[in-house]
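Chain residues, written in single-letter form:
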Amino acid sequence: MATMTDGSGDLWVFGYGSLMWRPGFPFVERRHAHLYGYRRALCVLSHVHRGTPENPGLVLGLDRGGRCHGVAFRVAKEEAQATVHYLREREQATSVYLERHLPVRLDDGRAVTALGYVADRKHKQYAGALSFEEVLRLVRQGKGISGANPDYVRSTHEHLLGMGVVDPLMTRIVAALDQET
């Protein structure tokens, strides 16, 4: 199990999408964090949370290359096992993500190992790079057990802006969605 580098036994979790604004687990510390070697990408077809197999939505995954500015949560040792169980149920509904222990750098300079979920490029739901038109089509149509795909994109975009992170693709998608309302 991933632990803080100081040996406390606490669990760190890295969030880059909805985990940033809806973690769903108790935590004792929340920090801005950077992950190197992966980037945030709308690259996963959602068949459960933001779509269905017949009408998939499109959600974020950590994909190879670049850098991702996200959030790291420190979970008390006593809550670690329950948190991992919760995250596996939430993130592994269709096994499209690979659970990994990732080296992240916190905004205060600390380096920790965090539990994170990386897009599985071999999984049938991995969408890879899509045209803007296809991204927008999938986002517009997606609706699953966690709600409408446009709401997911808007919430993530809003949270990123609050962190001082500008994601040009998310900005463009939200602008296109806003033109429809």
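Placed above this text is the structure.
All residue numbers here refer to positions counted from 1 along the written sequence of the relevant chain. Given that the model is predicted, a residue must reach a pLDDT of at least 70 before its local features are reported, and side-chain atom pairs must reach 80 or more before they are shown or counted; all residues, however, enter totals for whole chains, interfaces and linings. Values reported for side chains reflect all heavy atoms of the structure, with hydrogen atoms and water molecules removed beforehand.

**Student:** Can you help me understand the overall build of the chain in this one?
**Tutor:** We count a stretch as a helix when DSSP gives it H or I for four or more residues in a row; a strand needs E for two or more, and each element gets its number in order from the N terminus. Helix and strand counts for the chain stand at five helices and seven strands. Listing the helices and strands of the chain from first to last along the sequence gives β-α-β-β-α-β-β-α-β-β-α-α. On C-alpha atoms alone, the chain measures out to a radius of gyration of 16 Å, which is about the 16 Å that the 2.2 N^0.38 rule sets for 181 residues. Principal-axis analysis of the C-alpha atoms places the extent of the chain at approximately 50 × 30 × 25 Å. Expressed as a percentage of its 181 residues, the buried residues of the chain come to 51%. Residue contacts follow a heavy-atom distance rule, with two residues in contact if any of their heavy atoms lie within 4.5 Å. Sequence-distant contacts in the chain: of pairs separated by 6 or more residues, those separated by 24 or more amount to 72%. Areas reported here follow the Shrake-Rupley algorithm with a probe of radius 1.4 Å; residue values treat only the protein chains shown as occluding. Looking at the chain as shown, the accessible area adds up to about 8,600 Å², and 50% of this sits on carbon and sulfur atoms. Computation of the radius of gyration draws on C-alpha atoms, with the globule rule given as 2.2 Å multiplied by the number of residues to the power 0.38. Whether a residue is buried, partly exposed or exposed follows from its accessible area with a 1.4 Å probe, protein chains only, as a fraction of its type maximum: under 20%, in between, or over 50%, in that order.

**Student:** Explain unusual backbone geometry here, please?
**Tutor:** A negative phi angle characterises most non-glycine residues, just as the trans form characterises most peptide bonds. A positive phi angle, close to 60 degrees, is found at Ser95, a residue other than glycine. With respect to the helices and strands, Ser95 occurs in the loop between α2 (77-91) and β4 (97-106).

**Student:** Any chance you could explain the nonpolar core here in plain terms?
**Tutor:** The nonpolar side chains of a soluble globular protein tend to be buried, and buried together. Counting 54 residues, the largest nonpolar core has Phe14, Leu62 and Ile173 as its most contacted members. In terms of residue count, the dominant contributor to this core is strand β3 (residues 57-75) (nine residues). Only buried Ala, Val, Leu, Ile, Met, Phe, Trp, Tyr and Cys residues count toward a nonpolar core, and they belong to the same one when joined by side-chain atoms within 4.5 Å.

**Student:** What is the right way to read the pattern of salt bridges from this model?
**Tutor:** Think of it this way: side chains of opposite charge can pair up when their charged atoms draw near. Any carboxyl oxygen of Asp or Glu that lies within 4 Å of a side-chain nitrogen of Lys or Arg is treated as forming a salt bridge with it. Scanning the entire structure with this criterion turns up 14 salt bridges. Between Arg110 and Asp108 there is a salt bridge; the shortest N-O distance is 2.8 Å. Judged by its relative accessible area of 28%, Arg110 falls in the partly exposed class. The residue Arg137 makes a salt bridge to Glu134 at a minimum N-O spacing of 2.8 Å.

**Student:** Whenever I open this one, the packing of helix α3 (residues 132-141) against helix α5 (residues 168-180) confuses me. Can you help?
**Tutor:** Helix-helix packing is characterised by the crossing angle of the two axes and by the distance between the axes. Here the axes come from fitting lines to C-alpha atoms, over the contacting stretch only for helices, and the angles between their N-to-C directions go from 0 to 180 degrees. At their nearest, the axes of α3 and α5 sit 11 Å apart, and the two run at 60 degrees to each other. With respect to α5, the axis of α3 lies oblique. The two elements α3 and α5 cross, and the hand of that crossing is right-handed. Contacts between α3 and α5 involve Phe132, Val135, Leu136, Val139 and Arg140 on the former and, on the latter, Leu169, Arg172, Ile173, Ala176, Leu177 and Glu180. For this classification, the nonpolar set comprises Ala, Val, Leu, Ile, Met, Phe, Trp, Tyr, Cys and Pro, the charged set comprises Asp, Glu, Lys and Arg, and every other residue, Gly included, is treated as polar. Partitioned by chemical class, the residues of the contact of α3 with α5 number eight nonpolar, no polar and three charged. Note on angle classes: values under 35 degrees are labelled roughly parallel, values over 145 roughly antiparallel, values of 65 to 115 roughly perpendicular, and the remainder oblique. Crossings are sorted by hand: turned counterclockwise from the far helix by less than a right angle, the near helix makes the crossing left-handed, and turned clockwise it makes it right-handed.

**Student:** Looking at this structure, how should I read the pairing of β3?
**Tutor:** Every regular strand shows the same layout, with side chains that alternate between the two sheet faces. In terms of burial, β3 is a largely internal element, 15 of the 19 residues being buried. Paired strands, in this sense, are two strands between which DSSP finds at least two bridges. Bridge count for strand β1 (residues 11-15) against β3 is five bridges, and the pairing is antiparallel. From the neighbouring strand, Trp12 faces β3, where its bridge partner is Arg74. As judged from the 16 bridges shared by strand β2 (residues 29-46) and β3, these two strands associate in the antiparallel manner. Across the sheet, Leu45 pairs through a bridge with Leu58, a residue of β3.

**Student:** Would you mind going over the side chain of His69 with me for this structure?
**Tutor:** Mapped onto the elements of the fold, His69 is located in strand β3. Residues adjacent in sequence count toward polar contacts only when both atoms are side-chain atoms; beyond that, a polar contact is any pair of N or O atoms within 3.5 Å, and within protein one must be able to donate a hydrogen and the other to accept it. Only 3.3 Å separates the side chain of His69 from the side chain of His32, close enough to count as a polar contact. When near neighbours in sequence (up to four residues on either side) are disregarded, His69 contacts His32, Ala33, His34, Arg40, Leu160, Met163 and Val165.

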